[in-house]
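Spelled out from the first residue to the last, the chains are:
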Amino acid sequence: MSEIDETHLKVSNACAEIQAKFASYPVEAQRQLENVRNLIFSVAEENALGTVEETLKWGEPSYLVKGGSTIRMDWKPKDPDVIRVYFHCQTVLVETFKEVYPDEFQYEGKRAIVIPLSAYPASGPLSHCLQMALKYHSLKQRPLLGA
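Owing to the predicted nature of the structure, the values given are computational and were not obtained by experimental measurement.

Criteria and cut-off values
Residues numbered from 1 in each chain as written. Predicted model: local features only at pLDDT ≥ 70, side-chain atom pairs only at ≥ 80, totals over all residues. Heavy atoms only, no water. Salt bridge = Lys/Arg side-chain N within 4 Å of Asp/Glu carboxyl O. Helix = DSSP H or I, 4+ residues; strand = E, 2+ residues; numbered from the N terminus. Buried < 20%, exposed > 50% of the residue type's maximum accessible area, 1.4 Å probe, protein only. Axes fitted to C-alpha atoms, helices over the stretch in contact; angles between N-to-C directions. Parallel < 35°, antiparallel > 145°, perpendicular 65-115°, else oblique. Left-handed = near helix turned anticlockwise from the far one by under 90°. Contact = heavy atoms within 4.5 Å. Nonpolar A, V, L, I, M, F, W, Y, C, P; charged D, E, K, R; others polar. Pairing = 2+ DSSP bridges. Phe/Tyr/Trp six-rings, centres within 6.5 Å; stacked < 30°, edge-to-face > 60°.

Participant: Even after reading the chapter, I still don't get the pattern of salt bridges, so can you show me in this structure?
Facilitator: Should their charged atoms come close, side chains of opposite charge can pair. Summed over the entire model, instances satisfying the criterion amount to eight salt bridges. Between Glu54 and Arg37 there is a salt bridge, with the nearest N and O atoms lying 2.6 Å from each other. Taken together, the positions of Glu54 in strand β1 (residues 53-57) and Arg37 in helix α2 (residues 27-46) put the pair 17 residues apart, joining distant regions of the chain. When sorted by exposure, Glu54 lands in the same class as Arg37, which is buried. Where salt bridges share partners, they join Glu60, Arg72, Asp74 and Lys76 into one cluster.

See the structure below:
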């Protein structure tokens, strides 16, 4: 198999895994997760951050660009009315989000933004949070991550 075929196979497998994972969620959760997924890809494109690596990590859809911090998201049956967008807990991402956007989101500790299925999160604040995560390594030395 050529290098191109192997790359295509990896991408196809990742897409199939992601599609299967999304299909396993209730329709409302799928819609909300798709909104966040689309926002991740839009932010990466608008900021010329390169290719977004989409895969499953710990069984959850996961997104990363070179120079960024991984973003994961999931819906759980034990808390069926929300999705969570997870960030690496050893970064200052969620602490920064809380300071910059204290009222826009619910937060879970140092690791997640909690988004109700019934809400349509304001794309501006959520886009900004996703942008900070996707550009994390170039922003981490700046106060409030350059916000």
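Participant: What is the right way to read the packing of helix α3 (residues 93-100) against helix α4 (residues 123-134) from this model?
Facilitator: When two helices pack together, you describe them by how their axes are tilted relative to each other and by the distance separating the axes. Between α3 and α4, the shortest axis-to-axis distance is 11 Å and the interhelical angle comes to 150 degrees. In terms of orientation, α3 and α4 fall into the roughly antiparallel class. Every pair of crossing elements has a handedness; the one defined by α3 and α4 is right-handed. Counting all contacts with α3, which are made through Leu93, Thr96 and Phe97, the residues of α4 involved are Cys129, Met132 and Ala133. Partitioning the contact of α3 with α4 into residue classes produces five nonpolar, one polar and no charged.

Participant: Help me understand the sheet that holds strand β2 (residues 60-64) in this model?
Facilitator: As a general point, the strands of a sheet are linked pairwise by backbone hydrogen bonds and lie either parallel or antiparallel. Read across the sheet, six strands follow the order β1-β2-β3-β4-β6-β5 without closing on themselves; strand pairing throughout is antiparallel. A single partner strand is all that each edge strand has here, and the edge strands are β1 and β5 (106-108). Between one strand and the next, the sheet's axes are offset by a mean angle of 30 degrees, whatever the strand orientation. Bridge count for strand β4 (residues 82-87) against strand β6 (residues 112-116) is five bridges, and the pairing is antiparallel. The partner of Val82 across the bridge, within β6, is Pro116.

Participant: What exactly am I supposed to notice about the packing of aromatic side chains here?
Facilitator: Geometrically, a pair of aromatic rings is defined through the distance of the ring centres and the angle of the planes. The tally for this structure, following the rule as stated, stands at six aromatic pairs. With a centroid separation of 5.0 Å and an interplanar angle of 75 degrees, the aromatic rings of Phe87 and Phe97 are classed as edge-to-face. In this pair, Phe87 sits in strand β4 while Phe97 sits in helix α3, placing the two residues ten residues apart along the sequence. On the basis of relative accessible area, Phe87 is assigned to the buried category, the value being 4%. Relative accessible area serves as the criterion here: at 0%, Phe97 is assigned to the buried category.

Participant: Would you mind going over the pairing of strand β3 (residues 71-75) with me for this structure?
Facilitator: Along any regular strand the residues' side chains alternate between the sheet's two faces. Judged by how many residues are buried, β3 sits mostly within the fold: five of five residues are covered. Neither face of β3 is exposed, since Ile71, Met73 and Trp75 on one face and Arg72 and Asp74 on the opposite face are all buried. Across two bridges, β2 lies against β3 in antiparallel orientation. Residue Tyr63 lies in a different strand from β3, and its bridge partner there is Ile71. The turn joining β2 and β3, which pair antiparallel and follow one another in sequence, is formed by six residues; a positive phi near 90 degrees is taken by Gly67. Here β3 runs beside β4; their pairing, made up of five bridges, is antiparallel. When the bridges of β4 are listed, Asp74 appears paired with Arg84. Here β3 folds back onto β4 in antiparallel fashion, the turn holding six residues.

From the geometry alone we can't say anything about function, so treat these as descriptive.
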